[in-house]
Amino acid sequence: MSRKRVAILISGRGSNMTALVEAARAPDYPAEIVLVASNRPDAAGLASARAAGIATETVDHARHGKDRESFERALDAALAAHRVDLVCLAGFMRLLTPWFVRRWEARILNIHPALLPAFKGTDTHARALAAGVKIHGATVHVVVPEMDSGPIIAQAAVAVREDDTPASLAERVLAAEHRIYPLALKLFAEGRVRLVEGRCVIADAAAPDATLLVPQ
Ligand code: GAR
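Parameters at a glance
- Residues numbered from 1 in each chain as written.
- Predicted model: local features only at pLDDT ≥ 70, side-chain atom pairs only at ≥ 80, totals over all residues.
- Heavy atoms only, no water.
- Near = heavy atom within 4 Å.
- Polar contact = N/O pair within 3.5 Å; in protein donor to acceptor, adjacent residues only side chain to side chain.
- Areas by Shrake-Rupley, 256 points an atom, 1.4 Å probe, with all protein chains shown as cover.
- Helix = DSSP H or I, 4+ residues; strand = E, 2+ residues; numbered from the N terminus.
- Nonpolar A, V, L, I, M, F, W, Y, C, P; charged D, E, K, R; others polar.
- Contact = heavy atoms within 4.5 Å.
- Core = buried A, V, L, I, M, F, W, Y, C linked by side-chain atoms within 4.5 Å.
- Buried < 20%, exposed > 50% of the residue type's maximum accessible area, 1.4 Å probe, protein only.
- Pairing = 2+ DSSP bridges.

### A short note on the site of the ligand
- Taken together, the neighbourhood of the ligand is formed by Arg13, Gly14, Ser15, Asn16, Gly91, Met93, Ile111, Pro113, Leu174 and Glu177.
- Between the ligand and Arg13, the relevant distance is 2.5 Å, taken from an oxygen atom to a side-chain nitrogen or oxygen of the residue.
- Take Ser15: an N or O atom from its side chain is 2.5 Å from an oxygen atom of the ligand.
- Protein coverage of the free-state accessible area of the ligand, which is 440 Å², stands at 86%.
- Residue assignment for the shell around the ligand shows that the elements contributing at least two residues are helix H1 (15-23) and helix H6 (166-189).
- Grouping the amino acids of the shell around the ligand by side-chain chemistry returns four nonpolar, four polar and two charged.

As structure tokens, this is what we get:
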């Protein structure tokens, strides 16, 4: 089996990136991380990627001003130079244009810190607490032009505690993210995820493959 060549796009800390890099160390993992790219030169995750021996690129969005297309063309060129098959967004805080998403159609995954379709966008943990939900979590999905809306590959549910703050809830959700993203990329890279009418159908999956209930 040839391993899929994966680029991870980050904007900051890069803890999900590290979780993917560690999973991909296993010889039987169906993907290898060939590039970590950031739209911010100061992203802490770039140093962790280099320390792990992974090629890095910075495509600084600020240098492209308001011109999203020229930023994305530069990003696209970096991905092509590293012969990337799949892209994983991991805390990448730039909206991608329909041009880029169509160019990489069904080849970009994203992790979102909420149980989609609830709480799209930012500040998900504070909004979940304000809404009084009892179950929160994280979602890995295929990226489509509409933000946080693509077909869901995997989800992890986290119980909300009465005394949670956005920070304490974020910490438990992040731990769940680190478990579910490698799982979702594995299913996807193995070719076990089929897109059918806007949903992901996962071949030969026992339910626990793509869902995770984190005990309180
Ligand atoms: C993660 O919680 C990720 O789900 C979230 O940003 C954090 C990045 O942390 N992503 C989004 O909010 C995307 N809209 P990390 O850099 O340590 O992986």
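### Quick word on the environment of Arg5
- One can find Arg5 in strand S1 (residues 4-10).
- Sequence separation between Arg5 and Gly45 is 40 residues; the distance between their C-alpha atoms is 19 Å.
- Ignoring anything within four residues of it in the chain, the contact list for Arg5 reads Glu32, Val34, His82, Arg83, Val84, Asp85 and Leu86.
- Within the local environment of Arg5, its side chain forms a polar contact with the backbone oxygen of His82, the two atoms lying 2.9 Å apart.

### Section: the environment of Ala189
- Its location among the elements puts Ala189 in helix H6.
- C-alpha separation for the pair Ala189 and Ala114, spaced 75 residues apart in sequence, amounts to 23 Å.
- If we ignore the near neighbours within four places in the chain, the residues touching Ala189 are Lys4, Pro30, Ala31 and Leu86.

### Things to note about the nonpolar core
- Judged by nonpolar contacts, the single largest core of 41 residues is most densely connected at Ile8, Ile33, Leu109, Ile153 and Leu185.
- In terms of residue count, the dominant contributor to this core is H6 (ten residues).
- Counting residues in hydrophobic clusters, the runner-up holds 19 residues, among them Phe71, Leu75, Phe92 and Ile108.

### A closer look at the environment of Ala74
- Summarising the element assignment, Ala74 is placed in helix H3 (residues 68-81).
- A C-alpha to C-alpha distance of 6.8 Å links Ala74 and Val59, two positions 15 residues apart in sequence.
- Among all residues touching Ala74, those that are not within four sequence positions of it are Val59 and His64.

### Considerations on the pairing of strand S8 (residues 193-196)
- In the sheet, S8 pairs with strand S9 (residues 199-202) via four bridges, with the strands oriented antiparallel. Bridge pairing in S9 links Arg194 to Val201.

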